[in-house]
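# Working through the structure, step by step
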Amino acid sequence: MAGELRHRGGEAAGSGGEGGADAPAAAKAKVGGGEGKEEVEVEEGRKEALGWLEWSRGWMGVVGEFFFQRIAASHLANPLELPPLDGVSVVVTGATSGIGLEIARQLAQAGAHVVMAVRRPKVAHDLIQKWQNEKPECSMPLNVEVMELDLISLDSVAKFADAWNARMAPLHVLINNAGIFSIGEPQRFSKDGYEEHMQVNHLAPALLAMLLLPSLLRGSPSRIVNVNSVMHTIGFVDAEDMNITSGKHKYRSWLGYSNSKLAQVKFSSIFHKRMPAEAGVNIVCASPGIVHTNVARDLPKIILAAYHFIPYFIFDPQEGSRSTLFAASDPQVPEYCETLKSEDWPVCACINYDCNPMNASEEAHNLETSHLVWEKTLEMIGLPPDALEKLIAGEPVQCRYGQHKAE
Ligand SMILES: NC(=O)c1ccc[n+]([C@@H]2O[C@H](COP(=O)([O-])OP(=O)(O)OC[C@H]3O[C@@H](n4cnc5c(N)ncnc54)[C@H](OP(=O)(O)O)[C@@H]3O)[C@@H](O)[C@H]2O)c1
């Protein structure tokens, strides 16, 4: 079983402190003011990229995770032992493959009502059938259903949220697992006009979490768990260039991926800060480790073949699902989130592949730029700047996508 969650109270991964050692000393401007919003000071003459030291530390973290994850997580049971989850409703995105498939299967087997939110419903129905067949005949049928969701379309996200909210049922856990890493592929944009990694890995999950808030509030205490990655440590998000089109940075697929994961940590951190403790909705980022799944489907065939020769180092999906399952179900997690909130910690709860607290990157600790990412994300997903406060107050919020009106 996993150990005890303790806030280390230290600094960012190998960092020199909040704001980043490489942040330039410069004049400050205020952002984020207005009704119900915190005003924060933002550095002008902003940092344009990660400093070489942060970047090297980030890559060392990635390599270190590869070599040492199995040793660091050796105390964990496999599969992770879950508490009984009868009566708990969970939405799992991307439940047709890899880590998401394992998460959905194990949660369902622990008694949860699982909604597989997927772009290929037929595959999900086949999986449910397979899981049912594997169960002893005398046991209760699994409580799993399928709903269509394609994160490459923000309209699809809004429609999914509408359909769920219309049930007026509580939602206890949202697991934003689905993601893409189009390794080596050229830069692509969604029909909504956003770089695909940013849309699928950050913008669409952010919209889903916001629009499902009425149901999550109904299910309070509830959780939003984002499946993140150690790769966020080599990301750098410029809120004015979320699509990496300004020419300041040359697009590379690993940069698109790591920026989207860092944007998710930053957005989640402000979400966590703004969510009043009484609302009882906690937001957590979980890192699964380096896992053998279909996420690397775009790698050259020779490298894919090499994956099969290094099984000792790479987790299988069951091992890779443990941190997310822990974040979604362990009773210590809400208390841990509250501790971070009361200490005004700049980053939301982050759980590592070994089910211990994860040190998010130094850049993730930069609260000023996190506020900018929060504001830009809301603008990009078509929500007003005060959407969170309105949704918490039970007021209607207009979304540009799906003609959505959440209440
Ligand atoms: N594997 C790793 O080493 C690793 C490391 C760190 C973080 N992660 C993160 O873990 C999460 C799960 O990835 P995985 O490794 O399990 O990869 P995977 O096997 O490729 O699974 C990804 C899932 O996301 C779904 N998905 C992709 N695009 C989608 C879209 N537009 N709309 C809806 N669903 C979509 C896929 O659906 P289809 O089945 O229809 O393709 C699939 O079910 C991702 O967020 C990934 O970034 C993975």
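What counts, and at which threshold
Residues numbered from 1 in each chain as written. Predicted model: local features only at pLDDT ≥ 70, side-chain atom pairs only at ≥ 80, totals over all residues. Pairing = 2+ DSSP bridges. Helix = DSSP H or I, 4+ residues; strand = E, 2+ residues; numbered from the N terminus. Axes fitted to C-alpha atoms, helices over the stretch in contact; angles between N-to-C directions. Contact = placed C-beta atoms within 7 Å. Buried ≥ 20, exposed ≤ 12 C-beta atoms within 10 Å, placed from the backbone. Near = placed C-beta within 6 Å. Nonpolar A, V, L, I, M, F, W, Y, C, P; charged D, E, K, R; others polar. Parallel < 35°, antiparallel > 145°, perpendicular 65-115°, else oblique. pLDDT = per-residue confidence, 0-100.

Here we take up the sheet that holds strand β7 (residues 222-227). Strand order in the open sheet made by the seven strands is β5-β4-β3-β6-β7-β8-β9, with parallel pairing throughout. The two strands at the open ends of the sheet, each matched to only one other strand, are β5 (144-148) and β9 (349-351). Neighbour to neighbour, the strand axes of the sheet diverge by 20° on average, direction disregarded. Sheet strands in contact with helix α5 (residues 196-211) are β6 (173-176) and β7, and its direction is about 170° off that of β6.

Relative to the elements of secondary structure, aspartate 150 occurs in the loop between β5 and α4 (154-165). Aspartate 150 gets classed as partly exposed once you count the C-beta atoms within 10 Å, which come to 19. Considered as a pair, aspartate 150 and glycine 94 are 56 residues apart in the sequence and their alpha carbons are 9.2 Å apart. Excluding residues within four positions of it along the chain, aspartate 150 makes contact with Arg119 and Ser156.

Looking now at the site of the ligand. Around the ligand lies a shell of 28 residues, among which Gly94, Gly98, Gly179, Thr293 and Val295 are the nearest. With three residues, the top contributor of residues to the shell around the ligand is helix α2 (residues 98-109). Partitioning the shell around the ligand into residue classes produces 14 nonpolar, eleven polar and three charged.

This part covers the packing of helix α7 (residues 253-274) against helix α12 (residues 367-380). As a packed pair, α7 and α12 sit with axes 8 Å apart at the nearest point and diverge in direction by 95°. On the basis of their axis angle, the class for α7 and α12 is roughly perpendicular. Contacts between α7 and α12 involve Ala263, Lys266, Phe267, Ser269 and Ile270 from the first element and Thr369, Ser370, His371, Val373, Trp374 and Thr377 from the second. For the contact of α7 with α12, the per-class residue count stands at five nonpolar, five polar and one charged.

Averaged over all residues, the pLDDT of the protein is 89; the fraction at 70 or higher stands at 88%. Low confidence marks residues 14-42, where pLDDT is under 50. Its contacts with residues over four positions away, or in another chain, come to 58 contacts.

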